[in-house]
Amino acid sequence: MTGLPLLAAGPLAMPHSGIREVINEALLLPDCVRLEVGEPDFATPEHIVEAAFAFARSGAVRYTGTAGIPSLREKLCEKLATVNRIAAVPAQVNVGVGGIGVISAAFGAIIEPGDEVLVPDPAWPCYELMLGVTKGVLVPYRCGPETGFLPDPTEVESRITSRTKLLVINSPSNPTGAVFPRSLLEALVAVAERHDLYVLSDECYDEVVFDGEHVSPASFAGTDRVISAFSFSKTYAMTGWRIGYLVSSRSFADQVNKIHESNISCVSAVSQKAAEAALDGGSEPVISMTAAYRRRRDLCVELLQQHGLLINRPGGAFYVMADVSASGLGARDFAFDLLRTHRVAVAPGTAFGKVARASVRISLASSESALRIGINTLAAHVRELETRRHG
Ligand code: PLP
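Another point: the domain arrangement of the protein chain. How big an interface is tends to be stated in terms of accessible area lost as the parts join. Along its sequence, the protein chain is carved into domain 1 (9-43 + 284-389) and domain 2 (61-280). The centre of domain 1, based on its C-alpha atoms, is set 25 Å off from the matching centre of domain 2. Between domain 1 and domain 2, the contact holds 34 residues from the first and 32 residues from the second. Carbon and sulfur atoms make up 65% of the surface buried where domain 1 meets domain 2, a total of about 2,800 Å² over both sides. The tally of links between domain 1 and domain 2 comes to 2 salt bridges.

Laid out in structure tokens, this is it:
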């Protein structure tokens, strides 16, 4: 006996989230201004909570079918048709454990070790973590500040090799708030079509849009090629309920079902009933929360512009990037310095890839007063470091 066998190499090699390390430290500071977390500060609307309570009390909380309660999947098809212009039947819909759960199941359904996956840079860090588990190879494509964080389809195409299998698109984007215009989405899907790739369209912020329109690639390219992921977390302030859904072809949905059979059985029946209530309850809560995020977006854009730190005006999601390059520090060092000296927490651009290494992400899911204090403090800190640097 020489001890225990080695743990799996993929997760062993994975770093912990670059946002989490800031959160963990911020949680220890009592008066900290928290602008680093991408979580709505609103409570889940009352009628959703009430419906969940009533169902929990009914005594009918049991396992559901793996893909989700049939009535919920019917309602999701109606939502997909009206909001996203995606035509689908319930057999094409998988309900899963949040956007993260359905996206990782989709990765599991497609990727074999060594397969290459095109992922935006900057991007939500979990794509990289999921590829660590599936042993896929992340190939970043640039969504740089010089283009308002939009990619160039020619550059995306130049990264394709014989091992490329999947193109990930995320609009509205976390962390940049960029909303991809229809023409850009059409060009990206055309690249995927030319090279026989799947497209994973992460649309977890599909209803949090301030300017222009959100376009779902599956609305014009169909559900065979484009697998689309959605979530209740951001739209309805339901992060803790852990519920999201995927729409794809029938055969792909069946493959996802097998993965869900092996690792979740089904999503909590209480959360599924809560999601039904969210869909039945009309769009008022979504409209009013989005209006609040828009007011905060306008406030942050104005403040960052005044301080000369604005990179772009986000069109959706609930994030805005601030340029901290004048500080002379990389984003991670800057974020920890700001946290430790002024108790303001922001997410370092380094948590999202290489391209945003001189910027930080500010979450609009915080109160207007916190945003005002946080941004003014951040700007003063950039100036302080800049002055110190130039003697
Ligand atoms: N996709 C993106 C781009 C996100 O930012 C998030 C959460 O932050 C998710 C997916 C997953 O969210 P959830 O699992 O809460 O639905």
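Here we take up the nonpolar core. Judged by nonpolar contacts, the single largest core of 47 residues is most densely connected at L118, L167, I169, F232, M238 and I243. Looking at this core, the element that brings in the most residues is helix α8 (residues 182-194), giving 5 residues. Each of domain 1 (9-43 + 284-389) and domain 2 (61-280) gives at least three residues to this core. Setting aside residues up to four positions removed in sequence, L167 forms contacts with L118, Y141, V156, L188, A192, L197, Y198, V199 and L200. Grouped together as the second largest cluster of nonpolar side chains are 37 residues, C204, C300, V360 and L364 included.

Surveying the vicinity of the ligand reveals 13 residues, the closest of which are G99, N174, D202, S231 and S233. R242 is positioned with one of its side-chain polar atoms (N or O) 2.8 Å from an oxygen atom of the ligand. Here the ligand has 390 Å² of accessible area as a free molecule, and 91% of this is covered by the chains. It is helix α5 (residues 98-110) that provides the largest number of residues to the shell around the ligand, a total of 3 residues. Classifying every residue of the shell around the ligand gives 4 nonpolar, 6 polar and 3 charged.

On to the side chain of Q272. Inspection of the secondary structure assignment puts Q272 in helix α11 (residues 269-280). Residue Q272 is classed as buried on the basis of its relative accessible area, which comes to 1%. A distance of 2.7 Å separates a polar side-chain atom of Q272 from the backbone nitrogen of I69.

Across the junction of D121 and P122, the peptide omega takes the value 5°, indicating a cis bond. Its location among the elements puts P122 in the loop between β3 (116-121) and α6 (126-134). For the bond from S171 to P172, the omega torsion is -10°, close enough to zero to count as cis. Checked against the element boundaries, P172 lands in the loop between β5 (164-170) and α8. Positive phi values are uncommon outside glycine, yet F149 reaches one of about 65°. Along the chain, the position of F149 falls in the loop between β4 (137-142) and α7 (153-158). A relative accessible area of 2% places F149 in the buried class. At S265, a position not held by glycine, the phi torsion is positive, near 65°. Turning to its location among the elements, S265 is positioned in the loop between α10 (250-263) and α11.

Rules used in this analysis
Residues numbered from 1 in each chain as written. Predicted model: local features only at pLDDT ≥ 70, side-chain atom pairs only at ≥ 80, totals over all residues. Heavy atoms only, no water. Domains from an automatic or database assignment. Contact = heavy atoms within 4.5 Å. Buried area = accessible area lost by both parts, 1.4 Å probe. Salt bridge = Lys/Arg side-chain N within 4 Å of Asp/Glu carboxyl O. Core = buried A, V, L, I, M, F, W, Y, C linked by side-chain atoms within 4.5 Å. Buried < 20%, exposed > 50% of the residue type's maximum accessible area, 1.4 Å probe, protein only. Helix = DSSP H or I, 4+ residues; strand = E, 2+ residues; numbered from the N terminus. Near = heavy atom within 4 Å. Polar contact = N/O pair within 3.5 Å; in protein donor to acceptor, adjacent residues only side chain to side chain. Areas by Shrake-Rupley, 256 points an atom, 1.4 Å probe, with all protein chains shown as cover. Nonpolar A, V, L, I, M, F, W, Y, C, P; charged D, E, K, R; others polar.

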